Amino acid sequence: MKIKLPLFLLLLCAMPSMSILAEPVDAEQRISVDIRRTTYIVNDIDNSLKLYRDALGLKVIYDQMINSPMENGETRKRRLVLMQANDTFIGALGLLQYIYPEKPQRQEKFDEPVPGDPIVVMNVSDLDTRWQAVAVSPKVNVIEAPHLVEYPRAGGGKIAVMVSMIRDPDGYWIEINQLLDAPAKASD
């Protein structure tokens with residue numbers, strides 16, 4: 001027999017602090033690898049910042065021009081912006097723009113992710129209030145507006161998640177979710 005909870009009760013249960021949802025691995029279970037950062041090669045950092053900094057709220061922790069000599073005597077110029085969410089060591093997002101020489105834009109585009117396409121999943125605790133700013137960010141392509149998806153747990157039960165999918169201004173697939181239940185564990 002399935003018990004249906006009122007929506008407000010479900011939302012109340014889904015509002016634990018982010019520190020509870022994102023706990024570090026116990027010391028005895030840690031491995032020697034952390035995924036520190038994902039870096040996107042972008043055409044226009046300022047345009048990308050309107051999505052990642054302004055709409056999603058990531059904090060810029062580094063913004064520098066990087067110059068290095070090229071074999072032909074010219075200077076390679078790149079701008080690197082690093083942003084973080086709630087952790088100061090892992091999960092950072094980098095944006096790298098080649099100022100000189102410019103890099104060509106990848107030409108193939110598919111209607112759904114294919115092998116070789118990364119999908120970055122971001123969890124936000126306030127998808128309902130952030131979504132409008134995300135959807136109207138310059139050159140963002142909304143693939144799926146937020147909708148409820150229930151993922152199965154191994155021992156029975158479900159993990160309720162509001163799921164949305166966009167392509168950012170440079171074509172990267174971004175899934176922006178809000179967990180409505182406790183996150184999956186190794187036992188799931």
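Values in this document were obtained by computation on a predicted structure and should not be read as measured data.

Asker: Looking at this structure, how should I read the nonpolar core?
Answerer: One recurring pattern in soluble globular proteins: nonpolar side chains tend to sit buried together. Among the nonpolar cores identified, the biggest contains 24 residues, and Tyr40, Tyr52, Leu95 and Ile174 are the most heavily contacted of them. Contributing elements (two or more residues each) for this core: strand S1 (37-42), helix H3 (45-55), strand S3 (75-84), strand S4 (92-100), strand S5 (119-123), helix H4 (127-135) and strand S8 (173-179). Looking at this core element by element, the count peaks at five residues for H3. Setting aside chain neighbours within four positions, we find Leu95 in contact with Thr39, Tyr40, Val42, Ile45, Ser48, Leu49, Tyr52, Arg79, Leu80, Val81 and Met83.

Asker: Hey, could you run me through the sheet that holds strand S6 (residues 141-152) in this one?
Answerer: Sheets are built from strands that pair by backbone hydrogen bonding, the pairs being arranged parallel or antiparallel. What the four strands build is an open sheet, ordered S5-S8-S7-S6; its pairing is mixed. This sheet does not close on itself; its edge strands, each paired only once, are S5 and S6. Here the strands of the sheet are splayed against their neighbours by 25° on average, with no regard to which way each runs. The pairing of S5 with S8 spans five bridges and is parallel. Its bridge partner lying in S8, Val120 is registered against Ile174. Sitting on the sheet, H4 touches S6, strand S7 (158-167) and S8, and the angle it makes with S6 is about 150°.

Asker: It is not clear to me how H3 should be interpreted in this structure. Could you clarify?
Answerer: At 3.6 residues per turn, the α-helix brings residues three or four places apart onto the same side. When H3 is considered as a whole, its buried residues turn out to be Ile45, Asn47, Ser48, Leu49, Leu51, Tyr52 and Ala55. At the N-terminal boundary of H3, the capping side chain belongs to Asp44, with an oxygen 3.0 Å from the backbone nitrogen of Asp46. Looking one or two residues beyond H3, the residue adopting positive phi is Gly57, at roughly 90°.

Asker: I keep staring at the sheet that holds S4 and nothing clicks. Help me out?
Answerer: Pairing within the open sheet is mixed, and its four strands lie in the order S1-S4-S3-S2. On the outer flanks of this sheet lie S1 and strand S2 (59-69), each paired with one strand and no other. Within this sheet the neighbouring strands show an average axis-to-axis angle of 20°, counted without direction. Here ten bridges tie S2 to S3, and the two strands are oriented antiparallel to one another. Across the sheet, Ile66 pairs through a bridge with Arg78, a residue of S3. Contacts between H3 and the sheet are confined to S1, S2, S3 and S4, with S3 contributing the most and set at about 5° to the helix.

Definitions and limits used
Residues numbered from 1 in each chain as written. Predicted model: local features only at pLDDT ≥ 70, side-chain atom pairs only at ≥ 80, totals over all residues. Heavy atoms only, no water. Core = buried A, V, L, I, M, F, W, Y, C linked by side-chain atoms within 4.5 Å. Buried < 20%, exposed > 50% of the residue type's maximum accessible area, 1.4 Å probe, protein only. Helix = DSSP H or I, 4+ residues; strand = E, 2+ residues; numbered from the N terminus. Contact = heavy atoms within 4.5 Å. Pairing = 2+ DSSP bridges. Axes fitted to C-alpha atoms, helices over the stretch in contact; angles between N-to-C directions. Polar contact = N/O pair within 3.5 Å; in protein donor to acceptor, adjacent residues only side chain to side chain.

The values reported here are purely geometric and, on their own, carry no functional implication.
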